[in-house]
Structures are given as structure tokens and as C-alpha cells.
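# Chains, contacts and geometry: an overview
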2 protein chains.
Amino acid sequence: MRELKERILKDGQALNEAVLKVDSFINHQVDPNLMENIGKTFADKFADDGVTKVVTIESSGIAPSVFTAKAMNVKLVILKKSTSKILEDNISQTEVASYTKGTEYQLTLNKKYINRNDRVLIIDDFLARGEAAQGAIRLIEAQGAEVVGVGILIEKAFQSGNKALRDKGYTVCSLARIKNLSDGHIEFLED
Amino acid sequence: MRELKERILKDGQALNEAVLKVDSFINHQVDPNLMENIGKTFADKFADDGVTKVVTIESSGIAPSVFTAKAMNVKLVILKKSTSKILEDNISQTEVASYTKGTEYQLTLNKKYINRNDRVLIIDDFLARGEAAQGAIRLIEAQGAEVVGVGILIEKAFQSGNKALRDKGYTVCSLARIKNLSDGHIEFLED
């Protein structure tokens, strides 16, 4: 997506070879016009997949995913990051390791919001090792629902997440694929 | 706002006299069409206030506030809930007590996203005792910016938050004001 790549080059910061800071337009300050265009782009790319729900992970995925859900005219389900295990019948949880923070959390879903007839599009801001996306997939598939794709704003293509998801047969659509962040320089993979 | 009140009556659950559960359309599962209408409603109510930024608190406020920012064509700033104090020059923090969870957190802002020329509209999902809103006001005013109003989806009018904010001179606009939640019954204040 050209608009996103241009914005990353203009306002993103390669803090080191693994960290791209985008908190001036995605994570902390948010440009709602860009978020709407991202939502429309995902809606367009997955237009023929019969999507019934969009799912994201709190909290950086919420802004782009709610515009995706709006553009597709379906509900959004926000998976919560809980620090504790919740022992209730209607709650489903799976442990996810956070690569950036070096901690674990319980990704949490109230089962009544995903059912076996759902066709789910997962949206998240970053894809690195894919731990969060795979946790979301586990929760969704445990409900008997189908994951039709994973939409990512920024993929760190030098990490293993994309391959791990594709190897398991999932469609991954990344709007910007970063090849290299060395020396403060941001380099994209060719489309 | 009639659409929100009708939805609360249809899909909200008064768990006890203090807790209204709205996780089927606001907090966990999100109805993006309702969020867009809420955003347009706030944009309309604060149309003459020269708003330059919308500010919300992660994570339940993000969906309605990003549509508000979109409708007003300004940026959204998401205040983060940090568990620790961050000692960096560009970071501003203030302690907030969470009424629902019985814990405290550091409400966190990167100072570069609010400046003294900003006229800020704060948007949040719930107003109870107003601790989070007052924390947001402290961070915004410490930057020399002006808070032009506080927009709330659901106000627990039987708690002290609205009065505390109005007593300090702030404009509060609540789209649904709950008078009473006793006996599983949801009663609104008259407009």
C-alpha cells in the first residue's frame, strides 16, 4: 500500500535493526484518515472471502481494524490481553509470548462472540514472529470458525512470522513489508 | 443519543447496581456502525469549539474516538496505561486509580503529541468517578493545551464523575446517562 509505505518513510523511525517506531501515526498518535484507507484496502483485498467477523488484539490493532470492520459491514471482536487465567465456562484463553516486551499474557475471548459459522479476518498492526496472530488463530479455530486471512499493516519480513503462517496454509496480506532496518535506514521488500 | 440508549436497553446487562455490561457492542465485540454514528454525534456537538486533537484512554475508548477524530478531521492521541514509571524527558505521566479493577496505573503521554496550541476533546466509553478523565486533563493541561470538553458514551450519573468535572468548569457531554441499575433494570436520566 503506497500511502502507508510513504508514511513509514516520512514519519517512521528505525530505532535499531529490529524496532520500527510508528507512534506518530499508528500507535500513540493516530491518523484516522490513514486508518480509514487501510480499512478500505483490507476490505477490498478480502472482498470475496465471505468474511463475517474481523478480529484484532488490543490495543494498537483497534483503530485500523474497526475501519476494516466498518468497510466490510461486519462486527469487530477485540481479543483482550489478560495477565491472569480466568476460569469461567464462556471464556477461552491461550498463552502468548510478547517478543517486544519479553513477557507472556493470556489472549482472551468470550466464546459467545465467535461461532462455528464465522469466517474471520484477523487484523493487527505488526507481524514479527507471529506469536499474537497464531494465538488469535488458536482461539478462533477452537470455536470451529474459519480464519480466511491475516491482514497486517507492517510486516518485519526479516523475522519468521509470515513464513510460519503461510507454512500452516494461512493467507497473509501485509501492506508494508520491511526487508531491513539496519543503520537507521528503512528498506522495503519489492512487491 | 437515542440509538445508543436503545442499544443499551436491548443488549446491555445490569450485572449489579454499579456495573453495566456492554461488551456485546462496545467493549469486546464492537459495532462499527454504532461507533461511526457516535463519532459523528460528538463531532456535531463540539463542532464550534475549534478542536485540534481528540484524546482517549486505551483501550475501550479507541473505537468511538477514532471515528470522532475522523469526523472532525483531526488526529487522535491514545493515552497509554503503563504499570511502571518511565523516566524519560519526553514522557509525561500521572497516577490514576481504577475504580473497577481496584488498582492504579500510570496514564502516559509522549509530550510531542500535545502542545500548548491544542484544543482537546477527550472521549471515553464510561464516566463513573471520573478518575481517568481527570488524569487525562492533568496530562493535557500540563502541556499548556486547553480541554474544550469531555465526551462520554455512558455516564453512571449516580456516581460523582460528572459533578466533579462540571465543578471544575469542564463541559461534559454524555450520550447516555444512567440513573439507576438496581434489580437488573436499566433506568436513564431524563434528557
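Placed above this text is the structure.
This section reports on the structure supplied with the text. (Residues numbered from 1 in each chain as written. Chains lettered and ligands numbered in written order. Predicted model: local features only at pLDDT ≥ 70, side-chain atom pairs only at ≥ 80, totals over all residues. Heavy atoms only, no water.)

## Describing the relation of the copies chain A and chain B
With an RMSD of 0.0 Å, chain A superimposes on chain B once it is rotated by 180° and translated 0.0 Å along the axis. In short, the pair behaves as if placed about a two-fold rotation axis. Residues of chain A ranked by C-alpha distance from the rotation axis are headed by Ser59 of chain A, positioned 2.8 Å from it. (Least-squares fit on C-alpha atoms with pLDDT ≥ 70 in both.)

## Examining the pattern of salt bridges
Residues and elements named next belong to chain A. A full pass over the atoms with the stated rule returns 22 salt bridges over all chains. A salt bridge links Asp31 to Arg7; the nearest nitrogen and oxygen atoms lie 2.8 Å apart. Within this pair, whereas Asp31 is found in the loop between strand S3 (29–30) and helix H3 (32–45), its partner Arg7 is found in helix H1 (residues 2–11), the two being separated by 24 residues in sequence. One exposure class covers both Asp31 and Arg7, and it is buried. Salt bridges sharing partners connect three or more residues here, namely Arg7, Lys10, Asp11 and Asp31. (Salt bridge = Lys/Arg side-chain N within 4 Å of Asp/Glu carboxyl O. Helix = DSSP H or I, 4+ residues; strand = E, 2+ residues; numbered from the N terminus. Buried < 20%, exposed > 50% of the residue type's maximum accessible area, 1.4 Å probe, protein only.)

## With respect to the interface of chain A and chain B
Facing the 33 residues of chain A at the interface are 33 residues of chain B. Between chain A and chain B lies a buried interface of about 2,900 Å² when both sides are counted; carbon and sulfur atoms form 54% of it. When residues of chain A are sorted by the area they lose upon contact with chain B, His28, Gln29 and Tyr113 of chain A head the list and together hold 24% of the total. Notably, a salt bridge pairs Glu36 of chain A with Lys70 of chain B, separated by 2.9 Å at the nearest N-O pair. Counting across the chain A and chain B interface gives 20 residue pairs in polar contact (both at pLDDT 80 or more). Of all the secondary structure elements, the ones that give two or more residues to the side of chain A that touches chain B are helix H2 (23–27), S3, H3, helix H4 (62–72), strand S5 (75–82) and strand S7 (103–110) of chain A. Looking at the side of chain A that touches chain B, the element that brings in the most residues is H4 of chain A, giving six residues. Looking at the side of chain A that touches chain B residue by residue, the classes come out as 13 nonpolar, ten polar and ten charged. (Contact = heavy atoms within 4.5 Å. Buried area = accessible area lost by both parts, 1.4 Å probe. Polar contact = N/O pair within 3.5 Å; in protein donor to acceptor, adjacent residues only side chain to side chain. Nonpolar A, V, L, I, M, F, W, Y, C, P; charged D, E, K, R; others polar.)

## Some points on the packing of helix H3 (residues 32–45) of chain B against helix H4 (residues 62–72) of chain B
Residues and elements named next belong to chain B. Packing of H3 against H4 leaves a shortest axis separation of 7 Å and a crossing angle of 50°. Here H3 lies oblique to H4, going by the angle between them. As H3 packs across H4, the resulting crossing turns out to be right-handed. Across the interface between the two elements, Pro32, Met35, Glu36, Ile38, Gly39, Lys40, Phe42 and Ala43 from H3 touch Ala63, Pro64, Phe67, Thr68, Ala71 and Met72 from H4. (Axes fitted to C-alpha atoms, helices over the stretch in contact; angles between N-to-C directions. Parallel < 35°, antiparallel > 145°, perpendicular 65-115°, else oblique. Left-handed = near helix turned anticlockwise from the far one by under 90°.)

## Description of the environment of Asp48 of chain A
Residues and elements named next belong to chain A. Summarising the element assignment, Asp48 is placed in the loop between H3 and strand S4 (53–57). Overall, Asp48 belongs to the exposed group, its relative accessible area being 78%. Between the alpha carbons of Asp48 and Gln106 there is a distance of 32 Å; along the sequence they are 58 residues apart.

None of this, on its own, says anything about what the molecule does.
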